Amino acid sequence: AYLLLGVSPFLVRLAPAEMKPDPERILHGTIYGAASMSLMLIAGVSGPLIDSFFLSGKLDRRQIVATKSVCQIVCHTAKFTYFGGLVAGAGGIDPVMAVFAIVASIAGTTLASPILERLSDSDYRTWASRIITVIACTYVGLGGYYLMN
């Protein structure tokens, strides 16, 4: 799963121009949505693929962040519903961790907003691509490590 997750952003970047994903086309959204949901259920995350998908379009930085946020909410809700049903009797949610997750989410959004406002769309795309590359390389490295051991 790590290898697939790490390789996915590079596959999006290497796609020929006529096959580049376009977030404004319904078919592309359906295909990438299915792929990201599959990764979400298999690996628990799909951020690098979703980011690569939206960065390849014409959306501005605010539209990318907002749309990706909605996608992540839907993915996490589906994951919670699916796996929560499987382990319903296994226990509950730790209230301390739930509060920590909510506080971290609010803090991240609050702290990121001024940075997002200062960046141009071009700078946002550059930095987002760099961050995705680092994360993807980390996943490829982890996948290779686990494959070898």
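For the structure, see preceding data.
Let me sum up the structure you'll find in this document. (Residues numbered from 1 in each chain as written. Predicted model: local features only at pLDDT ≥ 70, side-chain atom pairs only at ≥ 80, totals over all residues. Heavy atoms only, no water.)

## Focus: the packing of aromatic side chains
The condition is simple: Two rings from Phe, Tyr or Trp (for Trp, the six-membered ring) form a pair when their centres are within 6.5 Å of each other. A pair whose planes differ by under 30 degrees is stacked, one over 60 is edge-to-face, and the rest are tilted. Whether a charge sits over a ring comes down to the Lys NZ or Arg CZ being within 6 Å of the ring centre and within 35 degrees of the ring normal.
Taken as a whole and assessed by the stated rule, the structure comprises 5 aromatic pairs. Joined through ring pairs, the aromatic side chains of Tyr2, Tyr139, Tyr145 and Tyr146 make up one cluster. Across from the ring centre of Trp127, 5.0 Å away, lies the NZ or CZ of Arg130, which sits over that ring.

## Examining the pattern of salt bridges
Where we set the bar: Any Lys or Arg side-chain nitrogen found within 4 Å of a carboxyl oxygen on Asp or Glu counts as a salt bridge. In this description a helix means any DSSP run of H or I spanning at least four residues, a strand means any run of E spanning at least two, and both kinds are numbered starting from the N terminus. The classification of residues rests on relative accessible area computed with a 1.4 Å probe and restricted to protein chains. Under 20% of the type maximum is buried, over 50% is exposed, and intermediate values are partly exposed.
Under the definition given, this model contains 3 salt bridges. Two residues, Arg61 and Asp121, come together in a salt bridge whose shortest N-O distance is 2.8 Å. Placement of Arg61 in helix H4 (residues 61–86) and of Asp121 in helix H6 (residues 121–148) is noted, with a sequence separation of 60 residues between them. Residue Asp121 is classed as partly exposed on the basis of its relative accessible area, which comes to 29%. Between Glu117 and Arg62 there is a salt bridge, and its shortest N-O distance comes to 2.9 Å. Of this pair, Glu117 sits in helix H5 (residues 95–118) while Arg62 sits in helix H4, and the two are 55 residues apart along the sequence. Classification of Glu117 by relative accessible area gives partly exposed; the value is 43%. On the basis of relative accessibility, which here comes to 38%, the residue Arg62 falls in the partly exposed class.

## Topic: the side chain of Asp51
Note the cut-off: Pairing of N or O atoms within 3.5 Å defines a polar contact, subject to two protein rules: one partner must be a possible hydrogen donor and the other a possible acceptor, and residues neighboring in sequence count only if both atoms are side-chain atoms. Contacts are residue-level and defined by heavy atoms, with any inter-residue pair within 4.5 Å sufficient.
Within the secondary structure layout, Asp51 lies in helix H3 (residues 47–55). On the basis of relative accessibility, which here comes to 19%, the residue Asp51 falls in the buried class. A distance of 3.4 Å separates the side chain of Asp51 from the side chain of Lys68, its partner in a polar contact. Non-local contacts of Asp51, meaning those with residues more than four positions away in its chain, are made with Lys68 and Ile132.

## Considerations on the packing of H3 against H6
The test is simple: To obtain each axis, a line is fitted to C-alpha atoms, and for helices this fit is confined to the stretch in contact; angles are then taken between N-to-C directions over 0 to 180 degrees. Geometric relationships in this document are graded by angle, where less than 35 degrees denotes roughly parallel, more than 145 denotes roughly antiparallel, 65 to 115 denotes roughly perpendicular, and other angles denote oblique. Helix crossings get a hand from a simple test, with the near helix turned counterclockwise from the far one by less than a right angle marking a left-handed crossing and a clockwise turn marking a right-handed one.
Where H3 contacts H6, the two axes come as close as 10 Å, and the packing angle between them is 150 degrees. As summarised for this structure, H3 and H6 are arranged roughly antiparallel, according to the angle between their axes. Where H3 crosses over H6, the two elements pack in a sense that is left-handed. Residues Pro48, Asp51, Ser52, Phe54 and Leu55 of H3 touch H6, and the partners they reach there are Tyr124, Arg125, Ala128, Ser129, Ile132, Ile135 and Tyr139.

## Overview of the side chain of Lys68
Examined against the element boundaries, Lys68 turns out to sit in helix H4. Dropping the residues within four chain positions of it, Lys68 is found in contact with Gly47, Ile50, Asp51 and Phe54.

## With respect to the packing of helix H1 (residues 2–14) against H6
As a reminder, the rule being used: For this classification, Asp, Glu, Lys and Arg are treated as charged, while Ala, Val, Leu, Ile, Met, Phe, Trp, Tyr, Cys and Pro are nonpolar and the rest, including Gly, are polar.
Two elements in contact, H1 and H6, have axes separated by 7 Å at closest approach and are oriented at 140 degrees. Between H1 and H6, the crossing angle belongs to the class labelled oblique. Our pair here, H1 against H6, has a crossing hand that is left-handed. In contact with Tyr2, Leu3, Leu5, Gly6, Val7, Pro9, Phe10 and Arg13 of H1, H6 contributes Ser129, Ile132, Thr133, Ala136, Cys137, Tyr139, Val140, Leu142, Gly143, Gly144, Tyr146 and Leu147. Its residues placed into classes, the contact of H1 with H6 shows 14 nonpolar, 5 polar and 1 charged.

Any functional reading would require information beyond the geometric quantities listed.
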